[in-house]
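Notes for the structure review
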Amino acid sequence: MSVRYPSGGVPTLKTGHAHPHPEPVSGARYSAVELMPGNQRVLMLDQRRLPLVEAYETYTRAEEVAEAIRSMVVRGAPAIGIAAAYGLVVAASAAKGDGASYVEAMHRADAVLRAARPTAVNLAWALERIGKEALAVAAELPLERADRVAEAARKLHREDVAACRAIGALGAARIPDGATILTHCNAGALATGGYGTALGVIRAAHEAGKKVRVLATETRPLFQGARLTAWELARDGIPVEVITDSMVAHFMGRREIHVVVVGADRIARNGDTANKIGTYGIACIAAAHGVPMYVAAPWSTVDLACPSGEQIPIEERSEREVTHPEGTAIVPEAVRARNPAFDVTPARLLAGIVTERGIASPVDEAHLAALASAPIALQS
Ligand code: MRU
């Protein structure tokens, strides 16, 4: 399904067209990713085309799902994890042979999905959880196997939405009424199973009646802030303005930003946090101005096996994303570019990490460890 908007105009804040899934787990009018009934097709909103075109694609093979993750049809750590889980489902549906050939097919699917993007730990986390279920049902009949894997993947998706809502409720308590909130990249419904992490906090504050405004950094080189965060918030009627990445210090210096909330791709055991490139710079600027900065992320983003930010793998993407924004060359032909997709913010620069298990604040190993065994703080 595809909805096109007039060229040249600012896109699009049309709403109300039908969701292609009859019962989206996201619980919203749009979803980053869903598993279609029948368990043979993964549905994704092609985020590369937003906000100009709202188009859904479907994928029937794990290799296609992996390519959609790599090419950022779907992006954002939790959404990548859910997409990978559904990638295993379509692989299980396609594997009609005996138990041994099914197990082999599932290992192949796992390997191709795991290699899609390295930084967001949610990808490996989801593959491990659903892969375990997939192997546990290897002795069942083909249809039964696929149903069981699909059930586990949908459960993982539902839990992510519940986690986002819990994060939103906990984080909203830290947002003052009347605050202008800075956010970076997109940590919204499009980056998760639904509702969002950083945008979940903002949504919950707005739903609680607080008068909040948002400054969204455009987020070079792929403009997730300008294209996706602005699209989501405008659809919800939450006041949002886009600024270029280089304007952050200007607005902090003028005391126009009261709090920063961002998402995360991987949080190390000591609280060091990998997130979209530019987050570390924002954290330095916020610290210099005494502005509190929160990371909002589900527990699936916490990697207790990773001691500190130094061990987090940082994805290097094609330099073409930097040299050719929207396909147009802006750099002289012979000049090379660098394109790390993420950076690491040291724990000491963060006021808190908001998870569905509670808020780690101050951010350090002891406070994160205390949350490891805590129950989910709030249910949706
Ligand atoms: O490269 P992307 O768009 O996948 O990067 C996404 C981010 O860095 C998000 O801020 C992060 O995944 C948190 S999403 C809830």
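Use the structure listed above.
A brief look at the structure comes next. Note that this is a predicted model, so its numbers are computed, not measured.

Quick look at unusual backbone geometry now. Going from Leu-50 to Pro-51, the amide bond is cis rather than trans, its omega being 5°. On the secondary structure map, Pro-51 appears in the loop between β3 (42–45) and β4 (53–59). Between Ser-361 and the following residue, Pro-362, the backbone shows a cis peptide bond with an omega angle of 0°. Unlike most non-glycine residues, Phe-223 shows phi in positive territory, near 65°. With respect to the helices and strands, Phe-223 occurs in the loop between β6 (213–217) and α7 (224–236). Within the chain, Arg-255 stands out as a residue other than glycine whose phi angle is a positive 60°. Tracing the sequence through the fold places Arg-255 in the loop between α8 (248–253) and β8 (259–262).

What follows deals with the state of the cysteines. One pass over the structure, following the stated rule, counts zero disulfides. Between Cys-306, a free cysteine, and Cys-284, which holds the nearest cysteine sulfur, the sulfur-to-sulfur gap is 19 Å.

Within a sheet, each strand pairs with its neighbour through backbone hydrogen bonds, oriented either parallel or antiparallel. The strand order across the open sheet formed by four strands is β12-β9-β10-β13, and the pairing between neighbours is mixed. Single-partner strands in this sheet number two, and they are β12 (302–303) and β13 (342–345). Where strand β9 (residues 266–268) and β12 come together, two bridges link them in parallel fashion. By the bridge assignment, Ala-268 is partnered in β12 with Asp-303. Helix α9 (residues 279–289) contacts β10 (273–276) and β13 of the sheet and is inclined by roughly 35° relative to β13.

A few words on the environment of Ala-85. With respect to the secondary-structure elements, Ala-85 resides in helix α2 (residues 77–94). The exposure class assigned to Ala-85 is buried, which follows from its relative accessible area of 0%. In the structure, Ala-85 is positioned 72 residues away from His-157 in sequence and 8.7 Å away in space, judged by C-alpha atoms. With residues up to four places along the chain from it excluded, the contact list for Ala-85 reads Ala-126, Ile-130, Ala-153 and Leu-156.

Attention now moves to the packing of helix α3 (residues 99–114) against helix α4 (residues 121–136). Running from N to C, α3 and α4 cross one another at 175°; their axes reach a closest spacing of 11 Å. With respect to α4, the axis of α3 lies roughly antiparallel. Taken together, the residues of α4 that come into contact with α3 (itself represented by Tyr-102, Val-103, Met-106, His-107, Asp-110, Leu-113 and Arg-114) are Leu-123, Ala-124, Leu-127, Glu-128, Ala-134 and Leu-135. Split into classes, the residues belonging to the contact of α3 with α4 amount to nine nonpolar, one polar and three charged.

This next bit is on the sheet that holds strand β11 (residues 293–296). Pairing in this open sheet of seven strands is mixed, and the strands run β7-β6-β5-β8-β11-β14-β15 from one edge to the other. Edge positions in the open sheet fall to β7 (240–243) and β15 (358–360), since each of these has one partner strand only. Averaged over neighbouring strand pairs, the angle between their axes works out to 25° when direction is ignored. Note: strand β14 (residues 352–355) against β15, three bridges, orientation antiparallel. Within β15, the position partnered with Ile-353 by the bridge is Ala-360. Lying on the sheet, helix α5 (residues 142–172) is in contact with β11, β14 and β15; it crosses β14 at an angle near 140°. Each of β14 and β15 touches helix α11 (residues 365–372); the most contacted strand, β15, lies at about 160° to it.

Under the defined criterion, the tally for this structure stands at 24 salt bridges. Residue Glu-63 is joined to Arg-61 by a salt bridge in which the shortest nitrogen-to-oxygen separation is 3.4 Å. The exposure class assigned to Arg-61 is partly exposed, which follows from its relative accessible area of 44%. A salt bridge links Arg-317 to Glu-315; the shortest N-O distance between them is 2.8 Å. On the basis of relative accessible area, Arg-317 is assigned to the buried category, the value being 13%. The network of salt bridges with shared partners includes Arg-29, Arg-203, Glu-232 and Asp-236.

Where empty space is left in the structure can be found by rolling a water-sized probe over the atoms. For the second largest pocket, the calculated volume is near 390 Å³. Lining the second largest pocket are 21 residues, and of these Trp-125, Arg-129, Trp-299, Ser-300 and Glu-356 sit closest to its centre. Secondary-structure elements contributing two or more residues to the lining of the second largest pocket are α2, α4, α5 and β12. Top contributing element to the lining of the second largest pocket by residue count: α4, with six residues. Partitioning the lining of the second largest pocket into residue classes produces eleven nonpolar, three polar and seven charged.

Near the ligand lie 19 residues; those nearest to it are Arg-75, Arg-117, Asp-265, Asn-275 and Lys-276. At 2.9 Å from an oxygen atom of the ligand is found a main-chain nitrogen or oxygen belonging to Gly-76. Within the side chain of Gln-224, a nitrogen or oxygen atom sits 2.9 Å from an oxygen atom of the ligand. Relative to its unbound accessible area of 420 Å², the ligand is 100% covered by the protein chains. Judged by the proximity of its atoms to the pocket grid, the ligand belongs to the largest cavity. Residue assignment for the shell around the ligand shows that the elements contributing at least two residues are α2 and β10. Broken down by class, the residue content of the shell around the ligand amounts to eight nonpolar, seven polar and four charged.

The rules behind the values
Residues numbered from 1 in each chain as written. Predicted model: local features only at pLDDT ≥ 70, side-chain atom pairs only at ≥ 80, totals over all residues. Heavy atoms only, no water. Helix = DSSP H or I, 4+ residues; strand = E, 2+ residues; numbered from the N terminus. Disulfide = S-S within 2.5 Å. Pairing = 2+ DSSP bridges. Contact = heavy atoms within 4.5 Å. Axes fitted to C-alpha atoms, helices over the stretch in contact; angles between N-to-C directions. Buried < 20%, exposed > 50% of the residue type's maximum accessible area, 1.4 Å probe, protein only. Parallel < 35°, antiparallel > 145°, perpendicular 65-115°, else oblique. Nonpolar A, V, L, I, M, F, W, Y, C, P; charged D, E, K, R; others polar. Salt bridge = Lys/Arg side-chain N within 4 Å of Asp/Glu carboxyl O. 1 Å grid on protein atoms, 1.4 Å probe; cavity = no way out; pocket = protein on both sides within 12 Å on 5 of 7 lines; lining within 4 Å. Points joined across faces, edges and corners; volume = space filled by probe spheres on them. Near = heavy atom within 4 Å. Polar contact = N/O pair within 3.5 Å; in protein donor to acceptor, adjacent residues only side chain to side chain. Areas by Shrake-Rupley, 256 points an atom, 1.4 Å probe, with all protein chains shown as cover. Sits in = over half its atoms within 2 Å of the grid points.

Scope: geometric values only; no functional claims are made or implied.
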